[in-house]
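Examining the three-dimensional arrangement
Below, each chain spelled out in residue letters.
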Amino acid sequence: MINRKLFCLGLIGLVFSFSGCKTPVKTNLGHNSTLIPAAASEEQIVKLAANVAPSPRQLSWQEMEFTAFFHFTVNTFTDREWGEGTENESVFNPTNLDARQWVKTAKDAGIKLVILTCKHHDGFCLWPSKFTEHSVKNSPYKNGKGDVVKEVAEACKELGMKFGVYVSPWDRHDKSYGDSPAYNLHFENQLTELLSNYGDIAEVWFDGACGEGANGKKQVYDWKSYYSIIRKLQPNAVIAVMGPDIRWVGTESGYGRETEWSVVPASAQSVEDISANSQQKAGDGAFVPAGDMQVPDLGSRSVISTAKGLVWYPSEVDVSIRPGWFYHATEDLQVKSPETLLDIYFSSVGRNSLLLLNIPPDRRGLLHENDVRNLTLFRKAVDDIFATNYLSGAKISSDSQLGKQKAELCIDNEIKTWWAAAADKSTATLDLQLAGTKTFNVLMLQENIQIGQRIEQFVLEGWINGTWQKLTEGTTVGYKRLIRFNTVTTDKVRLRILKSRLNPTLSSFGLYLNLPEVKITPQTAAFTDKIEVSMATNDPNASVYYTLDGSEPDSKSLLYSNPITLEKQTNVKAVAIRKDGVQGFVRSSIFSKSKYGISLKNAPDPKYMGGGPLGLVDGIKGGFSCADGRWTGFNGTDMEAIIDLKENVSMKNISVGLLQDTKSWIFFPSKVEVFLSYDGITYTSVGFEDIAAASENKSAERKDVNITFCAREARFVKVVAHNFGRIPQWHDGRGEPAWLMADEITFE
Ligand code: FUL
């Protein structure tokens, strides 16, 4: 357990009165913090929690839903994630910087605010700070006359977007870092420049990552002084995540908690704890902290029952569209797909969090085409899904209501109006007769958080075949809850709120239809003669269109009706398109032909069949994702493959492709050995290679192990890749069996 120190900035200025057990607890609407009197009962604590609400700046921040980071600095040019602070300013030289392109791309993707890394840990300033020489002013960019902060701020102003600044307190360049009062003054000077010269700043993002200065000393930050400068110069700016307004969700994976309370114990604002749980090493793009911030629930009844104070401290999910935070050309093919971005959206915005997506500009000073394309497709998907609310025009009734807060107000497409159950109710049922029979599979709920977060448990039911059937269920709602479930067609639904801290409220309630999906079966495969491939969609109102030449399918492509037979290597691409024109994501499967025979001693895991054993020798290599259908995966076991080349072949090199992605528990094997045989009975070793064990998490890597030997003939090749074994101590999965992923084996 980490040490919980109370850093109750949010408790300053508290107005609250508590007058004993029998007197009703006075509410505290509009206040984003509350103290818990020592004598408070559990029931009273729950009521206090339900009345904590966001501050106006927290509310406007939450309503943005989707914001972006632009990570850009010397690292972009040195190909690093964390600079040393010793980089020469001359390395910073974008050739074609267009901040408008960054901001316009973000705006088109539905992003409302962008945050620029004005200074990252290397200390290089993207603005010509008067307080350091380590900045754009000494770089070749615009002959030292450039100011990237200004360019982004102006693009935001022009395009009606909000602007935020990331300023790393940790500075590996400045000599004063570690001499605490001197560096605090330096940092405050730089902060003052940023907050005075670039118009309105809506968010100041302080990083938790922190190390020693060049002098080996640890800096003691004067957070209170930093915060008061922000409050004075930019009173509307929220301070994240080493700050009192916005809480880091606790992981950089893009996936928030299913149960996410915005009201948490005030101790969650401890900057020491946030720092201890922040990223500790460079390049660990998807760091998942081991501390308290990763726990599944930060604000349930049992958690708040021992708190001394409570604060409104909403969660922000930060994640990069690429494996790293900064641009690296080697990651151009690892940009998150539109489908993954959509999944992240459902798991962040849809889980009472705000999504902060990093899109790093490249060395030209532009957002890369691949990032722009995937963002655009992702946005189109969100727009298509939420274009039609199938509750529009429904007749709604509730079993209770508070004053004029009637049920109709939660389906009127107006977030400012809301339904509330009667004051003494902690459960409620909303009945809906839809305007006809509708097909849907997405639920959207929003509480009126202006008066607090209350709902603890709910279930959505549909009237199907004469009975109420559960469609989906959940715990917290908060600002927004989105859940996908199996497609259903009905004209009657009801929402039952089973548990709530106070009378529940809803400002929005929607049912939507997800994009139509297409499935190609098998997902991918290698074959010897021919193979039968089928396609299907989950949407009864959609048809499947496909191509066999690798081109993108659309409604003019081949219309699928019956399974097709392939006799040569083919890239099948398929898409489901609904009658209303909405189309899903394109699926692509390569079916490859191999003239060899192969047998595996240990069966691969059914989830990672790599297109069947022949997939290991079909000439097509797996990508960076273990789930691309090409990798053959062994959980805890070795790969021992015997390949029958069907005739004697002369060769001098055998190569084995391997994947390592330690965050997904995939490790390179410890050793690869190769044997040859004429008859498939007697094998002779021709070489082996030992592979060094990984000692830290890194982005996914691929490796070809080449075993080279004097040319010789053989018909059978045996390849043995020895599983890494148990996951080492430094890893979260310590002691568990490691995965081994292989693809592709080639002969030369
Ligand atoms: C982390 C930093 O170390 C990364 O480089 C990145 O800026 C991320 C948003 O926060 O703590």
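A quick note: this is a predicted structure, and the numbers were derived from the prediction, not measured.

**Side note on the side chain of Asp 332**
Within the fold, Asp 332 resides in the loop between strand 10 (315–320) and helix 10 (338–348). Its relative accessible area of 16% is what places Asp 332 among the buried residues. A polar contact is formed between the side chain of Asp 332 and the side chain of Arg 322, at a distance of 2.9 Å. In this structure the side chain of Asp 332 is engaged in a polar contact, spanning 3.0 Å, whose partner is the side chain of Tyr 327.

**Some words on the pairing of strand 26 (residues 570–578)**
Most of strand 26 is tucked away, with 8 of its 9 residues classed as buried. Taken together, the 6 bridges between strand 23 (residues 542–547) and strand 26 define a ladder with antiparallel strand orientation. Each residue of the ladder has a partner; that of Ala 542, found in strand 26, is Arg 578. Relative to strand 27 (residues 587–593), strand 26 runs antiparallel, the two sharing 5 bridges. Note that in strand 27 the partner of Ala 574 across the bridge is Arg 587.

**As for the sheet that holds strand 8 (residues 263–265)**
One open sheet holds the 3 strands; their spatial order is 1-9-8, and the pairing between them is antiparallel. Each of the sheet's edge strands pairs with one partner strand only, and the pair in question is strand 1 (33–35) and strand 8. Taking the axes of each pair of neighbouring strands and ignoring which way they run, one obtains an average angle of 20° across the sheet. Alignment of strand 8 against strand 9 (residues 309–312), held across 3 bridges, turns out to be antiparallel. Note that in strand 9 the partner of Val 263 across the bridge is Trp 312.

**Quick look at the site of the ligand**
Within the structure, the ligand sits among 12 residues, and His 71, Trp 82, His 120, His 121 and Asp 207 are positioned closest to it. The side chain of His 121 places a nitrogen or oxygen atom 2.9 Å from an oxygen atom of the ligand. A distance of 2.6 Å separates an oxygen atom of the ligand from a polar atom in the side chain of Asp 207. Alone, the ligand offers 290 Å² of accessible surface; in the complex the protein occludes 99% of this. The residue makeup of the shell around the ligand, split by class, is 5 nonpolar, 4 polar and 3 charged.

**Comments concerning the packing of helix 10 against helix 11 (residues 369–385)**
Close contact between helix 10 and helix 11 brings their axes to 8 Å; oriented N to C, the two are set at 50°. The angle between the axes of helix 10 and helix 11 places the two elements in the oblique class. As helix 10 runs across helix 11, the sense of the crossing is right-handed. Within the contact between the two elements, helix 10 uses Pro 338, Leu 341, Leu 342, Tyr 345 and Phe 346 and helix 11 uses Asn 374, Leu 375, Leu 377, Phe 378, Ala 381, Val 382 and Ile 385.

**Observations regarding the domain arrangement of the chain**
In terms of domains, the chain is made up of domain 1 (4–385), domain 2 (395–510), domain 3 (518–592) and domain 4 (595–747). Taken together, the two surfaces of domain 1 and domain 2 that pack against each other cover about 2,400 Å², and 55% of this comes from carbon and sulfur. By the criterion of area lost to domain 2, the three top residues of domain 1 are Ala 50, Trp 261 and Phe 346, representing 26% of everything that side buries. Counting the contacts that link domain 1 with domain 2 gives 4 salt bridges. The shortest N-O distance in the salt bridge between Lys 480 and Glu 65 comes to 3.0 Å. There are 15 residue pairs in polar contact (both at pLDDT 80 or more) connecting domain 1 and domain 2. Among the elements of the structure, helix 1 (42–50), helix 2 (56–64), helix 9 (301–304) and helix 10 are those that each provide at least two residues to the side of domain 1 that touches domain 2. For the side of domain 1 that touches domain 2, a count of residues per class yields 16 nonpolar, 8 polar and 8 charged.

Definitions and limits used
Residues numbered from 1 in each chain as written. Predicted model: local features only at pLDDT ≥ 70, side-chain atom pairs only at ≥ 80, totals over all residues. Heavy atoms only, no water. Helix = DSSP H or I, 4+ residues; strand = E, 2+ residues; numbered from the N terminus. Buried < 20%, exposed > 50% of the residue type's maximum accessible area, 1.4 Å probe, protein only. Polar contact = N/O pair within 3.5 Å; in protein donor to acceptor, adjacent residues only side chain to side chain. Pairing = 2+ DSSP bridges. Axes fitted to C-alpha atoms, helices over the stretch in contact; angles between N-to-C directions. Near = heavy atom within 4 Å. Areas by Shrake-Rupley, 256 points an atom, 1.4 Å probe, with all protein chains shown as cover. Nonpolar A, V, L, I, M, F, W, Y, C, P; charged D, E, K, R; others polar. Parallel < 35°, antiparallel > 145°, perpendicular 65-115°, else oblique. Left-handed = near helix turned anticlockwise from the far one by under 90°. Contact = heavy atoms within 4.5 Å. Domains from an automatic or database assignment. Buried area = accessible area lost by both parts, 1.4 Å probe. Salt bridge = Lys/Arg side-chain N within 4 Å of Asp/Glu carboxyl O.

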